[in-house]
Amino acid sequence: MSIIIKNISKTYKNQVALNSINLNIKKGEIVGLLGPNGAGKSTLIKILTGYISANNGEVKICGDNINENPKLVKQKIGYLAENNPLYIEMYIKEYLKYIAEIYKVSFQEIDKIIELTGLNSEKNKKINQLSKGYKQRVGLAAALIHNPEVLILDEPTTGLDPNQLIEIRKLIKNIGNNKTVIFSTHILQEVEKICDRIIIINKGNIVDDQKVDDLNKNKVNIETHFQKLTS
């Protein structure tokens, strides 16, 4: 398994954010992480990326325990945050060189990642000159520069126009061919278009975990299904 989560719990003062979560995610899966605001999605992502620690339980990323080997685990993860923090006064290649230096990655990889993320036509521009869709591509390029085994995307399609949505969907699907992808979103239609599997969290508990194909075969409307489980 690429990701193993065993009995993960997290409490903030008297509020339970995660309640003994258990999950296994295989390499090559694109998993949609769904839930209403305050459900525990962001807390789970923060634990998986090593930003915070769980109160109880165990997380293994590609065989390594995140508490025992946090630096090694972080090298295996690429993360695109919801607010996509970029140094917008930098040129695209300049920014990616900066990220490559942090990960001690050869500059030769920059042209490869620019090609992969479809940034060739914009590569000589400053980031502040880009549309939101291309800024998201730069964020993806930065998350992928060190060739991580696991990619965690937090609301990567929010605010994109229909054409940009289609392009980012294709890109994520392509990336998911040989990586594990966790895709957190509020846009239920995106889950159907991109993901192989959905996991719904509500009030700190996993309330559903199914393959998208199974939902479609059973003619389950994801929006209605989500509302029943979380309202």
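Up top is the structure these notes are about.
Residues numbered from 1 in each chain as written. Predicted model: local features only at pLDDT ≥ 70, side-chain atom pairs only at ≥ 80, totals over all residues. Heavy atoms only, no water.

**Some thoughts on the overall build of the protein chain**
Then, in step 1: Scanning the protein chain for helices and strands turns up 9 helices and 10 strands.
Then, in step 2: Relative to a compact globule of 231 residues, whose C-alpha radius of gyration would be 17 Å, the protein chain shows 18 Å and is just as compact.
Then, in step 3: With respect to the principal axes defined by its C-alpha atoms, the protein chain has extents near 45 × 40 × 30 Å.
Then, in step 4: Put simply, the protein chain has 231 residues, and 48% of those count as buried.
Then, in step 5: A sequence separation of at least 24 residues applies to 66% of the contacts in the protein chain between residues at least 6 apart.
Then, in step 6: Separation between the mean location of the 32 positive side-chain charges and that of the 25 negative ones in the protein chain comes to 2 Å. (Helix = DSSP H or I, 4+ residues; strand = E, 2+ residues; numbered from the N terminus. Rg over C-alpha atoms; globule rule 2.2 N^0.38 Å. Buried < 20%, exposed > 50% of the residue type's maximum accessible area, 1.4 Å probe, protein only. Contact = heavy atoms within 4.5 Å. Lys, Arg positive; Asp, Glu negative; His and termini not counted. Charge placed at Lys NZ, Arg CZ, Asp CG, Glu CD.)

**Focus: the side chain of His225**
Then, in step 1: Its location among the elements puts His225 in helix H9 (residues 222-230).
Then, in step 2: Contacts of His225, omitting those with residues within four sequence positions, involve Ile200, Asp208, Gln210, Leu215 and Val220.

**Some details on the sheet that holds strand E4 (residues 56-61)**
Then, in step 1: Spatially, the 4 strands line up as an open sheet ordered E2-E1-E4-E5, and their pairing is antiparallel. Each edge of the open sheet is held by one strand with a lone partner, namely strand E2 (15-25) and strand E5 (64-65).
Then, in step 2: Across the sheet, helix H1 (residues 41-48) touches strand E1 (3-12), E2 and E4, and the angle it forms with E1 is around 120°. (Pairing = 2+ DSSP bridges. Axes fitted to C-alpha atoms, helices over the stretch in contact; angles between N-to-C directions.)

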